[in-house]
Structure formats: structure tokens, C-alpha cells
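Geometric and topological summary
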Amino acid sequence: MVFKVTVNGAWRATRTLWLLVLVSLSVCICVCRASSSREEDSAMENIVTEKKAEESHRQDSADLLIFILLLTLTILTIWLFKHRRFRFLHETGLAMIYGLLVGVVLRYGIHVPRDISNVTLSCHVNASPATLLVNVSGKFYEYTLKGEISANEVNDVQDNEMLRKVTFDPEVFFNILLPPIIFHAGYSLKRRHFFRNMGSILAYAFLGTVISCFIIGLLMYGCVMLMEQVGQLDGDFFFTDCLFFGAIVSATDPVTVLAIFNELQVDVDLYALLFGESVLNDAVAVVLSSSIVAYQPEGDNTHTFEVMALLKSFGIFLGVFSGSFALGVATGVVTALVTKFTKLRDFQLLETALFFLMSWSTFLLAEACGFTGVVAVLFCGITQAHYTFNNLSPESQDRTKQLFELLNFLAENFIFSYMGLTLFTFQNHIFNPMFIVGAFLAVFLGRAANIYPLSFLLNLGRRNKIRSNFQHMMMFAGLRGAMTFALSIRDTATYARQMMFSTTLLVVFFTVWICGGGTTQMLSCQRIRVGVDSDQDNSMSITDGSERRSTKQESAWLFRIWYNFDHNYLKPILTHSGPPLTATLPPCCGPLARFLTSPQAYENECQLKDDDSDLILTDGDINLTYGDITVSTDASGAHTSGGPAYAGATSDDLDRELTYGDNELVMRGTRLVLPMDDSEPPFTDPHHRLRM
């Protein structure tokens, strides 16, 4: 009996154990199946994500290919126009037309099937965060803000997404496309005619831009008040918005007109006035617009007039402009010192790379420090051309000039192509007929208030008057372009900014196509002389004493002081040219002068002291004061050397510096560096070499 009970108990225990094992196995199988199911789901999610990333990559490549093809087509058409001597339409206007055609095709010709099955329309939040974290079944997903979609566009999400793909971040324009354009403007500046008209250029660029800004702002504010009275204003539009619009459309970019001027060889003074104004007023417009944005009165209403806030904005304008100017010049000076005191010229690739990176970093450094990169990179380009260029090897000189010329061409045409594209791909256009008509009228009157009154005042003190036909041409040539577009597209978040951006596009289109296309006809109508050979003008100015005196008298007195200081001290410190510092600095600074003066400066001085060197020019007399000798030649070829010690640059040196640049005359193997080029960074031209 006892045995039977024991057997039954053992059987029950065994059965219970087997049941436990079976339950455990079932649980393990279920867990494994659930785990494998989750792994399969995760693997499927990874595959879907990879496919989406691959599709996005292909779409981005196709979008970039569109712009590359646009530029390629533009270049081929430009060649055809130049071959046929067709001047009515410039390459920038052509790029805009191609951009418009592609924009029409993308907007209306290519249709992506609508699919909003995966779009959640019931997620309500009180704000629009830049980044949104969404919890989906325990997994967090990050979403970034792409922009507002109106209620009637909710069902067109896929179409909007396609158009957004060809819409670039505005920072791309400021950080990538604008720097080479602005730097090239400063690097290719023609010094002779720029400095001869420096006072007038500064007046047009600074005072004229401010006048134009406030005239346009006041007129547009009146237009906005009228729109509000007739019920055509659907959002806030303050006086500061009108001033901001005045600042951005005051930036002129007569690239079309200047290209035609260069091709037709129009009067060099007119070219210098237009080019100098466009270069500097871009910088002024950028700083002015940022100062208007910084206008913040105290109190709840941030759009009322307050004197202290106005003075603060004016102080910001001066501080930002002067800080950007100093930063750009400092970067150029550092690059000049590095290229002078190192032997980078022995490694041309490294030398060019350093020059390129230092120049581009100026823009980013200024923006990172709270200044304006446009101003900084402009004056960096001028400084690099004046100092650093002389320290580069001949190969690097050619490379840097061609590199920035190429980048400027591609960036400018890319921006104009994108302008045409944006007219149809931008999602938040606001076209108001009253605002558009008012804008065109205000831009015209603002330009007139800039040119005619200032020209009248400037002519009171100028020996070489700005003639009325020049003034009419400058009025007509006030085109808007890349800078105006870049400033307007940088912020399109509000109703006012969206309306300003849409109107700005139309202003740019009109001025480039109509004003740019009518340049040749306007030149004929105003009877402005063309076919003026600047080289011939230079040779006349060196052979005719009265021309030399004319140039000397027209040169700004402030620049004369600057030239003497620059020629005696800055050029010897920053470059291999100029007189040795031992001849210009006081004797007590002898050790420092010997340290800063390059060996090439002493070699040049010794070469000039060589009495066996003959310089024979039959075009006229040249007197040269350099170091402690004077070399003079006349038409007969006689030369003398004398001994007045070097006391500073003479007015004839200034005249030759303005008339020429830095080319060389070669005499019996001796290289004599003379200022002989009025163009952008000087290059040795074999036509300017005279040998015995």
C-alpha cells in the first residue's frame, strides 16, 4: 500500500514537471516568434528607409542636373549671341528666360500623383517648432519644419514637396554664391579711374543709397496706407518693412550694362562711376538693411518712431560697416605678410589654395562675428589686389585671376537662372497690383533722387564735369540683380516679406530685360562716345604734360596723402616692391626697417643705381625718382642720374600710379618696375616690354 502511494506521488510530480516544461517551451516559442516578428518589421523599416534615402539622393542629383544643364545651355547660347554680335539680350537675361521656362515645366508640366494616405491632419499644436519629436509605438522620430502650407494646398503635398526640392536654402546664396561675386568685383577693380572719381563714387554709393532707401521707403509707405484704405492689404505692413524694401532695391547691379560698356569700349569715366557705385552700394545696402532690421524702440509697440532707437540703428550701421571693413583689410594684410615672408611662391598650388581659402574665409569670419561678409570680402579683394597679388608667383597670379573670374561667371548666371525658376516654384508668392505699380514708381523716383541732385552738387567741385548725358545713362543703368534678390529671399516668413520678394523679382526682370536690353540704343540716343581705347588714353596721358597735370588735379587730395603713405611705408612692409624702409623710416628704426624690407627691394635699388643701364623711350620724357637717384630720359635717348635723397612719392609718381599699374620695362637684363597698368591686378604684358 505504501509502495502504491509512492508510485502515484512520483507520477504526479513527473507529470507536473512535464507540464512546466511544455509551458516554458510554449512561452519561449511565443517570445521568439514575437521577437522575430519585431526583427522582421525592423528590417522592413530599414529597407524602406534605405529606399527612401536612395530616392531622395536621386531626386537631389536630378535637381542639380537641371541647373547644370541650364548653365550649359546659357553658355552655348551666349557663344551664339557673341558670334552673331547680338547685344539686345545679355547672358544674365538669357539665364533668367531659361529659368522661367524650366520653372513653368516643373510647376505645370510635371505632375506627381497625390498621395496623402500617410499624412496626419489632426495633430494640433499652438506653435510651429523648428524641430518636432514624434513618439510612434515607443520609437521617436525627428521632423524638421519645411514651411507653411495654405489650406487649399493640403491635398497637393506631394506636388509641394517636388517644388521644394528645387528651392535652395537662402543661406546657400549668402555663404556660397555671393562671396566669389563680391570678391571678384574688388579684385578686378580698375584703380586709375576709380581713384580719379573716388569722391563722386563714394557720394553715389553712400549718400545716394541712403537717399534712395528713404525716398522709396516713404513712397511705399504711402502706397501701403492707400492699399489699407481700399481694402487690398491682408496682413501687417509697417514703415520699417517699407524702409527695408527701400534698402534692398537700392542695391544696383548693372552687370548687363557694364558688359556692354566693356565690349563697346565706352568712356572710361562713365564706366568707373557705374562700376564703383555698384560695387560699394551693394555693401551699403546690406549694412543698411541689417540696421533697419535692428531698429527696436522700447515698449510694446516696436514699430513706433523713437529718436534713441534711430540713433542706435545709425550706430549699428557705422559699427558694422567699419568692423567689416577692418576685418576684410586685416585678412588681406595677413595674407600679404604670409606670402611675403614665406617661400610659398615655390609651391604654386599651395600658394593659390591659401589665397583662395583666406579670401573666402573672410566672408564667413565676418558673418560669424556679427559683421557683414559682403563688406569684408569686398575690401579683402581690394587689399589682395593691391598688396598680396604682387607677392604671388606669375603662375598663381594667372590662376587666381582666372579662378575668381570663372566663379563669378558661374555664380552670377546660376543666381539669375534661379530667379527665373523661383517665379514659378516659390510657394508663397503674393502679387498685389497696387504694390507692384507703386514699387516701380518708387524705384524710378528713388534712382532719380540719387543721381541728379548729387551730380549737380558734385559738379560744383569737379574739374571734369559729369555731363547730362552721363547722368541720364547712370539713371537708366540702375539695374537690380543678384544682391537685391539675395537680400529679399533671405527672409520670406511674413506677409510683408513675401509680398516684397514677389515684387522684387518683377523689378529685377524688368530692369535686366528692358533697361539692360536697351543699353546700346540708350548710348546712341545720348550720343555717348564708344570705341575709346583705354590703352591709347594711357599713352596719351604719359606723353602730354597737360594730361598729366589734369589727372593730378582730378585726383582726390585725400588719396594723394594716402598714396604717399602707402608708397613709402605700406607697400615696402607688405610687398617686395617700393623703396626700402631704411630710406623712408627714421634712423632709430633701422633694425626694424632692415627686418621688414625684403631682399628684392634692395636688389631693385641696386639695379636702379647701375649707371650702365639705359632706358630709351621715343614717346616722350620720363622722370623717375626712386631710392636716392633720379633717372630721366628724353626723346633722344639721353639719360642722367642725380642725387636727391628719396623724400617721398612725387605727384608724377601718383599720376603714373593712377595711369598705369605694375608692369615692367626690361633694359639690358635689368627689370625696372614701373606703375603701368590701369586694369585689375597687373600682369606682365610682353607688349609693354622694351629692350635695348
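These numbers were taken from a predicted model, which means no experiment stands behind them.

**Things to note about the overall build of the chain**
Along the chain, the regular secondary structure elements total 25 helices and 7 strands. Among the 692 residues that make up the chain, the fraction classed as buried is 47%. Summed over its atoms, the accessible surface of the chain is roughly 35000 Å², and 63% of this surface lies on carbon and sulfur atoms.

**Let's talk about the nonpolar core**
Among the nonpolar cores identified, the biggest contains 123 residues, and Met-220, Phe-237, Phe-245, Phe-261, Phe-435 and Phe-485 are the most heavily contacted of them. In terms of residues, this core owes the most to one element, helix H9 (residues 268-293), which gives 14 residues. Each of two domains, domain 1 (1-36 + 49-112 + 158-166) and domain 2 (170-526), supplies a minimum of three residues to this core.

**Quick word on the pattern of salt bridges**
A complete count under the given rule lists 4 salt bridges for this structure. Where Glu-367 meets Arg-490, a salt bridge forms, and the shortest distance between an N and an O atom there is 3.8 Å. Taken together, the positions of Glu-367 in helix H11 (residues 348-368) and Arg-490 in the loop between helix H16 (482-489) and helix H17 (495-517) put the pair 123 residues apart, joining distant regions of the chain.

**Remarks on the packing of helix H13 (residues 394-425) against H16**
Where H13 contacts H16, the axes come no closer than 10 Å and their chain directions differ by 50°. One element, H13, and the other, H16, form an angle in the oblique class. In this structure, H13 crosses over H16, and the sense of that crossing is left-handed. Contact residues: Ile-415, Phe-416, Tyr-418, Met-419 and Thr-422 in H13; Ala-482, Phe-485 and Ile-489 in H16.

**Looking at the side chain of Glu-351**
Relative to the helices and strands, Glu-351 resides in helix H11. As a buried residue without a salt bridge, Glu-351 has its nearest oppositely charged side chain in Arg-345, at a separation of 5.1 Å. A polar side-chain atom of Glu-351 sits 2.5 Å from a polar atom in the side chain of Ser-396. In this view, Glu-351 contacts Leu-344, Arg-345, Asn-391, Leu-392, Ser-393 and Ser-396; residues no more than four positions away in its chain are not counted.

**Quick look at the packing of aromatic side chains**
Under the counting rule described, the total for this entry stands at 25 aromatic pairs. For the pair Phe-67 and Phe-414, a centre-to-centre distance of 4.9 Å together with 40° between the ring planes defines the contact as tilted. With Phe-67 in helix H1 (residues 2-83) and Phe-414 in helix H13, the pair connects residues that are 347 residues apart, well separated along the chain. Taking 4.8 Å as the distance between ring centres and 65° as the angle between the ring planes, the aromatic pair formed by Phe-426 and Phe-501 counts as edge-to-face. One end of the pair, Phe-426, is in the loop between H13 and helix H14 (433-459); the other, Phe-501, is in helix H17, and 75 residues separate them in sequence. One exposure class covers both Phe-426 and Phe-501, and it is buried. The cationic tip of Arg-467 hangs over the ring face of Phe-470; the distance from NZ or CZ to the ring centre is 4.3 Å. Of note, Arg-497 hangs over the ring of Phe-244, and the distance from its end group to the ring centre comes to 4.0 Å.

What counts and how
Throughout, residues of each chain are indexed from 1 in the direction in which the sequence is written. In view of the model being predicted, local features appear only for residues whose pLDDT reaches at least 70, and side-chain atom pairs are presented and counted only at 80 or more, with totals across whole chains, interfaces and linings using the full set of residues. Calculation of side-chain values draws on the structure's entire complement of heavy atoms; hydrogens and water are dropped beforehand. Under the DSSP-based scheme used, a helix requires at least four consecutive residues in state H or I and a strand at least two consecutive residues in state E, with every element numbered from the N terminus. For every residue, the accessible area obtained with a 1.4 Å probe (protein chains only) is divided by the maximum for its type, and the residue is called buried under 20%, exposed over 50%, and partly exposed between those limits. In short, Shrake-Rupley with a 1.4 Å probe defines the accessible areas, and a residue's cover is counted only from the protein chains shown. To define a nonpolar core, start from buried Ala, Val, Leu, Ile, Met, Phe, Trp, Tyr and Cys residues and group those joined through side-chain atoms within 4.5 Å. Just so you know, the domain bounds were taken from an automatic or database domain assignment. Salt bridges are counted wherever a side-chain nitrogen of Lys or Arg sits within 4 Å of a carboxyl oxygen of Asp or Glu. In this description, a line fitted to the C-alpha atoms serves as the axis of each element, helices being fitted only across the stretch in contact, and the angle between N-to-C directions of two axes falls anywhere from 0 to 180 degrees. Note on angle classes: values under 35 degrees are labelled roughly parallel, values over 145 roughly antiparallel, values of 65 to 115 roughly perpendicular, and the remainder oblique. Each crossing gets its handedness from the near helix: less than a right angle anticlockwise from the far helix is left-handed, clockwise is right-handed. Every residue pair with non-hydrogen atoms within 4.5 Å of one another is taken to be in contact. For this count, His and the chain ends are skipped, Lys and Arg are scored as positive, and Asp and Glu as negative. Each polar contact in these results corresponds to two N or O atoms within 3.5 Å; when the atoms are within protein, one needs to be able to donate a hydrogen and the other to accept it, and residues that are neighboring in sequence are counted only if both atoms are side-chain atoms. Classification of ring pairs uses Phe, Tyr and Trp, with its six-membered ring standing for Trp, and accepts pairs whose centres are within 6.5 Å; under 30 degrees between planes counts as stacked, over 60 as edge-to-face, and the remaining range as tilted. Comment: the charge-over-ring label is applied if NZ (Lys) or CZ (Arg) is within 6 Å of the ring centre and within 35 degrees of the ring normal.

The quantities given are spatial measurements derived from coordinates; they are silent on function.
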